[in-house]
Amino acid sequence: MANINLQFKTNYAVSSKIEPFYKGGKVQVSKDEKYIFCTCGSRINVLEISTGKIVHCVEHDDQEDITSFALSSDDELLVTASRALLLKQWDWKQATCTRTWRAIHTVPVASMAFDSTSTLLATGGCDGTIKVWDVVKQYCTHNLKGSSGVVHLVQFHPDINRLQLFSSSLDCGIRMWDLQSSKCACVLHSHYSAVTALSFSHDGDTMISSGRDRICTVWDLKSQEATRTVPVFETVEGVVVLPVNKDLSQIGVKSKSLHFITAGTKGVLRVWEASTARCVYTQTLPTTLSSDAAKEEENQDDDNPRSLTYVFHLPVSSRLATVTAEHNILLYQLPALCTQQQFVGYSDEVLDVKFLGKGDSHIIVATNSCQLKVFELLTNNCQILYGHTDTVLTLDVFKKGSLFASCAKDRSVRVWQMDSDSGRVRCVAQGCSHTNAVGSISCSRMKATFVVTGSQDCTVKVWDLPAEFSTEEEEIHHLSARTTEKAHDKDVNSVAVSPNDKLLASGSQDRTAKLWSLTADGNVGLLGVFRGHRRGVWTVCFSPMDQVLATSSADGTAKLWSLQDFSCLKTFEGHDASVLKVIFVSRGTQLLTSGSDGLVKLWTIKTNECVKTLDAHQDKVWGLHVTRKDDRMVTGSADSNITVWEDVTEVELAEEQAKQEDQILKQQELSNLLHEKKYLKALGLAISLDQPHTVLTVIKAIRQGENTQELLQKTLLKLRVDQKEALLRYCVMWNTNARNCQDAQAVLQVLLTHLPPEELLQYQGARTHLEGLIPYTERHMQRIGNLLQASMFLNYMWQKMRVTGDPSSMDRDEEMDTTPLGKPFFVIDTEKGKGGDDERQDDGDDNDSGQDEDPDCPAEVDEEEADEVSATKKVRGNGKSPKTNGNHRSESEESSEEEDVEVIEKDETPVKGKMCPPVSSASPSLTLPS
């Protein structure tokens, strides 16, 4: 090891994150065109267009998925609907809920829209009804019935003086509602499939509708008739009427007649002339596919990655916004329809990530997709690179950082180049001669002269690159492999080229790593084999300074090997699962490893010590890379998150450690206070930490002892006003969960009983908190009522039981006697054909029969076989079904194994006011009277 006098790295801190912000559902652009609102599970994320950052986030406390939302026309109000059948009104800039009310719909809300005055809100439900709400005066103004099935589209006419609302449901008709009379004025029939969008002309007299039946219809709203049907020949998801006062001649608008633009499954925008039903312009997208593949992609409707789901017109900036089926948001500038910005809402699993560009200003990401994504770290603007036809598995970057290579399951390797001025990336070379998926790639280190690939076909190939690449946009150089070597007996998971371009290392699923010579004439010669790992080798990496090689394996270890005698120098153990990546930092004196446990570990080689563990992700960390100065690190995980880390100084590390130590001390103090039953101090400390779960723990501890309600009352009333205010806020959160509702209700009983209304109303957001408590409290009461009703029915069934063969219980229909039984009455069904008192006296000695073998003991699993997963199968959806324990029994099987009941009371037992004789085991079953 070289003796280099430098300062070791001690910690990395998160610098920025690229997280999923849109996972499907509605998208809306604000009126001022500064923000994009996107649904993401139980959240609404607000994306700032200029920076690409999530600046606001609105999330439901009950964690219920948001089914729809609407932003008012003045950008002030945001209303969300969730599966809990609640509507919430938000001050989205402060991320605070200002009002909560019941949606009245019996099933979730599917669509929502505001009118142009931001006064009326329409909600379309899955129950086929439409409600119109006055959000200012806070009441329901209309209840419109007549739609068939789910109302998936509601939209007000832009001219508020007309007071018209349009809707569409499963019957494919467009209903026009007159809000003055609260009646359906007419039903417009033209489509034979779901209507996806409506767009109105400037004067409001003409409407364009699009549908999944591959047509658009032009409607005259005065005569309420269709004037033109436009066959679009693709499933249309969005339609926008183009402005008439703009020069749009570049996209085929030559006259002042009505034109509209469509977006659908072919992934291109097309301009249509309404009067002639003629397509006057079709958008051309850059492609690196062959002509046959491009035509195949254009003709496919179901799985086209470019398929569009929404289109919006942004009149202020004269742009169009589109949303793709893969959750990407693209902005085009009119009139040329050139791409201006692209945002990736959801990346699925991140399989590899590398720094790219001058000053490492970009990152290139391979996800569980056939597209590559290039992010600009400053703005999160993204370029989506099309070329591969199957999942891209891994990447590598050349020394200068503007050229990189990728390989995929489509058995091909591609070389891409970034323009240093514009930052635009294009494919410049392609090669394809492997017979199976290509799971590893490595670039030459000195100059951009060759790339090496390893494949699932167990071979390693060396590809020569041309001295210069063509500057022509469409011209792609075809690579040919100068040498092919049968390298391993199983999949090649990793290849690496040495810093001097003279050596090659490979790691395989056969548990070995190998060292090869790379000669100038292109031949590859085996130099030695590294043996010692107990599972497949995931990564191989050369040291930048010393003659050593690092490997990581599925056996949970990383190893350091000598290149001279192929012996193992050091073994690094610390990950709980497979070590997926290993790289050198600090000029070869330290290692970074990432594992399938979601952790990133920093190791010092000399001391063989892990100096820092970063809890980076919630799932496998496939991507791990550092900048050329190794002052920054980027990680990508199967949890869809990309994290950029910075090397922090000792001062920053000390501050972070001080905060962590302070938190630990407070938690310990809280534990001591609970142990000493000093509940008032414990509750105050928990509230100061602003951790609702910790506060709930203290409340539960108070309610576990004797005189719980009196103790709780005494403790809560001694709190300060700000602490009571925080407690009321926490109660709203606890009350959304049935497990914690009793604790929440106990606290509320004390607060609402002993505090005057004047004090409660002075609390910040008290009105909103109380409104949020009402619907969930009603649900809890309804659940308890149903439970009580079920228990009464059980009591009724108990009282109505009769014993088979009892003559005194025949031919009677007496009223229910609610008096409790004098003694318990149990009946058992013993073995048929056996009877007598001797068997009844045996109190279950046979219960242990047949229990020599544990039926719940799981079958043994070959751990070694379970860990053997190659690099080309690291994404989900590889055709393998998850393992299940075959010994788990179904509910019906368990019920069939229940022991039968035996009469254990021989004395006469009163039933329904009568005395019943002892029951013989020969007739044990119970029946209900007819």
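On a predicted model such as this, the values are computed, not experimentally measured, just so you know. (Residues numbered from 1 in each chain as written. Predicted model: local features only at pLDDT ≥ 70, side-chain atom pairs only at ≥ 80, totals over all residues. Heavy atoms only, no water.)

Colleague: Is there a simple way to explain the environment of A513 in this structure?
Modeller: The topology assignment puts A513 in strand β45 (residues 512–518). Considered as a pair, A513 and V537 are 24 residues apart in the sequence and their alpha carbons are 7.0 Å apart. Residues contacting A513, with those up to four places away along its chain left out, are S506, G507, G528, V529, F530, V537, V540 and T551. (Helix = DSSP H or I, 4+ residues; strand = E, 2+ residues; numbered from the N terminus. Contact = heavy atoms within 4.5 Å.)

Colleague: Explain the sheet that holds strand β46 (residues 524–531) here, please?
Modeller: The strands making up a sheet associate through hydrogen bonds between their backbones, and the pairing can be parallel or antiparallel. Pairing is antiparallel in the open sheet, where four strands are placed in the order β43-β44-β45-β46. Strand pairing shows two members of the sheet lacking a second neighbour, β43 (492–497) and β46, which therefore form its edges. Within the sheet, the average angular offset between the axes of one strand and its neighbour, ignoring direction, is 20°. The sheet contact formed by β43 and strand β44 (residues 503–508) spans five bridges and is antiparallel. Looking at the pairing, S494 lines up with G507 of β44. (Pairing = 2+ DSSP bridges. Axes fitted to C-alpha atoms, helices over the stretch in contact; angles between N-to-C directions.)

Colleague: Looking at this structure, I do not really get the packing of aromatic side chains. What am I missing?
Modeller: Applying the stated criterion to the full structure yields eleven aromatic pairs. With a centroid separation of 5.0 Å and 80° between ring planes, the pair formed by F37 and W92 is classed as edge-to-face. Placement of the pair is F37 in strand β3 (residues 35–40) and W92 in the loop between β8 (86–91) and β9 (96–102), with a sequence separation of 55 residues. A network of ring pairs unites the aromatic residues Y35, F37 and W92 as a single cluster. The ring centre of W101 lies 3.8 Å from the NZ or CZ of R99, which sits over that ring. One Lys or Arg, R306, reaches over the ring of Y386 and ends 3.7 Å from the middle of that ring. (Phe/Tyr/Trp six-rings, centres within 6.5 Å; stacked < 30°, edge-to-face > 60°. Lys NZ or Arg CZ within 6 Å of the ring centre and 35° of its normal.)

Colleague: Where do I start with the layout of surface pockets in this structure?
Modeller: Summary: where empty space remains is shown by rolling a probe the size of a single water molecule over the atoms. Reported here for the second largest pocket is a volume of approximately 1,300 Å³. It is strand β51 (residues 579–585) that provides the largest number of residues to the lining of the second largest pocket, a total of six residues. (1 Å grid on protein atoms, 1.4 Å probe; cavity = no way out; pocket = protein on both sides within 12 Å on 5 of 7 lines; lining within 4 Å. Points joined across faces, edges and corners; volume = space filled by probe spheres on them.)

Colleague: What am I meant to see in unusual backbone geometry here?
Modeller: Most peptide bonds take the trans form, and the phi angle of most residues other than glycine is negative. Going from L334 to P335, the amide bond is cis rather than trans, its omega being 5°. One non-glycine residue, E33, lies in positive phi territory at about 60°. Note on E33: relative accessible area 7%, which makes it buried. Positive phi is not limited to glycine here, since H327 has a value of about 65°. Tracing the sequence through the fold places H327 in the loop between β27 (319–324) and β28 (328–333). (Buried < 20%, exposed > 50% of the residue type's maximum accessible area, 1.4 Å probe, protein only.)

Colleague: What's the story with the confidence of the model for the protein in this structure? I'm lost.
Modeller: On average, residues of the protein score 83 in pLDDT, and 83% of them reach the 70 mark or higher. Mean pLDDT across the secondary structure elements of the protein bottoms out at strand β61 (residues 926–927), with 35, and peaks at strand β14 (residues 153–156), with 97. Below pLDDT 50 for its whole length, residues 812–867 participates in 76 contacts with residues either more than four positions away or in separate chains. In the model, residues 878–930 has pLDDT below 50 throughout and makes 89 contacts with residues more than four positions away in sequence or in other chains. (pLDDT = per-residue confidence, 0-100.)

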